[in-house]
Amino acid sequence: KQKNPYEPEFYQAVSEFSASVIPFINAHSKYQDVSILERLTEPDRIISFRVTWRDDNKVIQTNRGWRVQFSNAIGPYKGGLRFHPTVNQSVLKFLGFEQIFKNSLTGLPMGGAKGGSNFNPRGKSDDEIMAFCYYFMLELHRHIGEDVDIPAGDIGVGSREIDLLFGAYKKLANKWTGTLTGKGLEFGGSLLRKEATGYGCVYFCHNMLNVMDESLEGKICVVSGSGNVAIYAAEQLLVKGAKVVTMSDSSGFIYDKEGINQEKLEYIKQLKEVDRKRIREYCCKYDKAEYIEGAKPWSVPCDAAFPCATQNEIDLEAAKTLASNGVKVVCEGANMPCSNEAIEFFKKQGIIFAPGKASNAGGVSVSGIEQSQNALHMSWEKNRINQELERIMLSIHEKCREYGESNGDIDYVKGANIAGFVRVADTMIKYGVM
Ligand code: NDP
């Protein structure tokens with residue numbers, strides 16, 4: 001806290017991690033005396049830069065861009081770019097820190113990074129988005145590359161933005177390499193990348209329930225967000241026979257007691273991915289559904305909750321509301337959507353909880369698979385990628401179990417943190433003092 005006094009999100013992420021990892025370090029002499037935690041909590045470097053661009057009214061705008069290259073111990077830096085007005089160094093450090101251990105859990109050779117800008121894409125024209133992406137890449141291109149740092153999308157950076165960023169990168173670097181992931185399918189993108197985080201999150205939940213001889217069939221699920229992760233989590237929940245009753249955006253949430261079926265979900269895709277409208281429009285078409293302005297979807301009866309919007313969307317109070325509404329499982333699709341107090345509360349109540357660094361690792365896994373395809377100049381079939389995604393999510397589940405199981409219970413937070421840590425820490429020890 002003294003070292004990073006104005007970085008509450010980063011401090012929160014490190015606190016959650018340290019609570020499981022410090023006792024493990026204390027019990028294992030090889031991690032002691034090598035200052036492993038001090039080294040891991042300091043990014044390799046942070047690049048901060050000015051992005052100047054011109055809006056449609058010919059007014060010059062200035063934003064700040066960042067790339068936090070946190071650790072490349074086990075592979076080149078890898079992690080998304082976020083465009084949102086709330087982006088600052090603390091948010092990107094927390095995301096980059098989490099990314100190190102998430103990427104480690106996948107078993108693929110990927111280090112941890114995150115980047116983005118405080119640019120607000122909401123309400124901007126296509127020309128303005130293009131201008132911003134170009135000027136952002138004008139600086140970022142010097143610091144990335146297929147063996148150096150491979151950015152992807154995150155909040156506010158979807159397929160439109162990745163395509164524009166990749167086009168700019170290709171022009172500026174004068175080479176075609178798989179330096180960004182999440183690209184269009186026509187030029188090196190991977191099948192299933194768009195679906196991977198949401199699908200993977202549901203695969204992880206399926207694995208957790210399987211341990212207890214339970215399934216998602218017939219479970220009432222609340223999902224927050226209506227972006228990339230939320231939409232494809234909802235889609236895979238439908239495949240598994242669950243009933244999805246809510247989705248949201250930053251203005252409010254919709255509650256459809258009858259359930260959001262595939263046809264309704266296709267409408268949400270059109271609304272959010274193509275028309276870029278608000279979730280409230282859903283109720284104009286499906287008038288039995290309710291729209292609740294200015295609230296989050298934790299106040300409705302449910303069996304399982306999938307927070308898929310943003311950090312700290314479930315605090316202690318929301319956790320208590322969910323518990324009183326009957327929730328049995330909480331599976332994070334977003335990064336750090338639950339506060340540490342909420343997580344502690346879920347544990348005490350016996351509510352099964354999956355931390356994002358395990359349950360949302362499907363997206364970066366398929367990004368890793370996209371990099372492999374690009375390096376080989378090949379495209380894999382959808383079935384093969386889906387099988388690989390399911391295999392990786394199961395192997396992450398088993399790693400959480402290996403390090404988090406005691407007396408028949410699995411502490412997924414402890415398991416994910418320690419399993420993610422061990423691979424990175426063992427590698428760092430081999431490198432000596434670096
Ligand atoms: P999108 O931009 O596609 O969607 C974000 C959704 O969350 C939108 O519905 C948005 O609503 C809502 N949202 C954003 N900020 C807030 C806020 N402050 N309060 C309430 N709602 C908000 O992003 P993604 O779906 O890609 O990302 C969602 C989460 O998943 C993030 O935490 C991200 O880091 C994480 N994640 C994403 C991965 C990916 O592959 N995309 C991989 C792993 C994790 P609105 O439209 O009103 O802004």
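Residues numbered from 1 in each chain as written. Predicted model: local features only at pLDDT ≥ 70, side-chain atom pairs only at ≥ 80, totals over all residues. Heavy atoms only, no water.

A closer look at the overall build of the chain
Consideration 1: The helix and strand inventory of the chain stands at 15 helices and 14 strands.
Consideration 2: Along the three orthogonal principal directions, the C-alpha set of the chain runs to about 60 × 55 × 45 Å.
Consideration 3: Burial statistics for the chain: of 434 residues in total, 56% are counted as buried.
Consideration 4: Residue pairs at least 24 apart in sequence account for 70% of intrachain contacts in the chain once pairs closer than 6 positions are excluded.
Consideration 5: Total accessible area on the chain stands at roughly 18400 Å², and carbon and sulfur atoms take up 48% of it.
Consideration 6: Put simply, the chain has 52 plus and 54 minus side-chain charges, and the middle of one group is 3 Å from the middle of the other. (Helix = DSSP H or I, 4+ residues; strand = E, 2+ residues; numbered from the N terminus. Buried < 20%, exposed > 50% of the residue type's maximum accessible area, 1.4 Å probe, protein only. Contact = heavy atoms within 4.5 Å. Areas by Shrake-Rupley, 256 points an atom, 1.4 Å probe, with all protein chains shown as cover. Lys, Arg positive; Asp, Glu negative; His and termini not counted. Charge placed at Lys NZ, Arg CZ, Asp CG, Glu CD.)

As for the pairing of strand β10 (residues 304–307)
Consideration 1: Neither face of β10 is exposed, since Ala304 and Phe306 on one face and Ala305 and Pro307 on the opposite face are all buried.
Consideration 2: Inspection of the sheet shows strand β6 (residues 220–224) paired to β10 by four bridges, in the parallel sense. Residue pairing across strands places Ser224 opposite Pro307, the latter belonging to β10.
Consideration 3: With two bridges joining them, β10 and strand β11 (residues 329–331) adopt parallel strand pairing. Residue pairing for β11: Ala304 is matched across the bridge by Val329.
Consideration 4: For the segment spanning β10, helix α10 (residues 316–324) and β11, crossover handedness is right-handed. (Pairing = 2+ DSSP bridges. Right-handed = clockwise from strand over helix to strand, strands pointing away.)

What to know about the site of the ligand
Consideration 1: The environment of the ligand is formed by 24 residues, the closest being Asp154, Thr197, Ser250, Arg278 and Asn335.
Consideration 2: In this structure, Thr197 approaches the ligand through a side-chain N or O atom, which is 2.7 Å from an oxygen atom.
Consideration 3: Backbone polar atom of Asn228 to an oxygen atom of the ligand: 2.9 Å apart, as the coordinates give it.
Consideration 4: Here the ligand, which alone exposes 900 Å², has 83% of that area covered by the protein.
Consideration 5: At the level of secondary structure, the elements contributing two or more residues to the shell around the ligand comprise α6 (193–211), α7 (228–239) and β7 (243–249).
Consideration 6: Each residue belonging to the shell around the ligand can be placed in one class, and the counts come to five nonpolar, 13 polar and six charged. (Near = heavy atom within 4 Å. Polar contact = N/O pair within 3.5 Å; in protein donor to acceptor, adjacent residues only side chain to side chain. Nonpolar A, V, L, I, M, F, W, Y, C, P; charged D, E, K, R; others polar.)

Quick word on the pairing of strand β4 (residues 112–117)
Consideration 1: With six of its six residues buried, β4 lies for the most part within the structure.
Consideration 2: Alternating residues of β4 divide into Gly112, Lys114 and Gly116 and Ala113, Gly115 and Ser117, and every residue in both groups is buried.
Consideration 3: In this structure, strand β3 (residues 77–83) lies alongside β4, joined through three bridges in parallel fashion. Following the sheet pairing, Leu81 is matched in β4 by Gly115.
Consideration 4: Note on the crossover from β3 through helix α3 (residues 89–106) to β4: the handedness is right-handed.

Brief notes about empty space enclosed by the protein
Consideration 1: For the structure shown, the criterion picks out one cavity of 30 Å³ or more.
Consideration 2: In this structure, the largest cavity spans a volume of roughly 80 Å³.
Consideration 3: In terms of lining, the largest cavity is formed by Gln12, Ala13, Glu16, Glu98, Glu332, Met336, Cys338, Asn340, Ile343, Pro355, Gly356 and Lys357.
Consideration 4: Elements with a minimum of two residues in the lining of the largest cavity: α1 (8–27), α11 (340–349) and α12 (356–359).
Consideration 5: With three residues, α1 is the largest single contributor of residues to the lining of the largest cavity. (1 Å grid on protein atoms, 1.4 Å probe; cavity = no way out; pocket = protein on both sides within 12 Å on 5 of 7 lines; lining within 4 Å. Points joined across faces, edges and corners; volume = space filled by probe spheres on them.)

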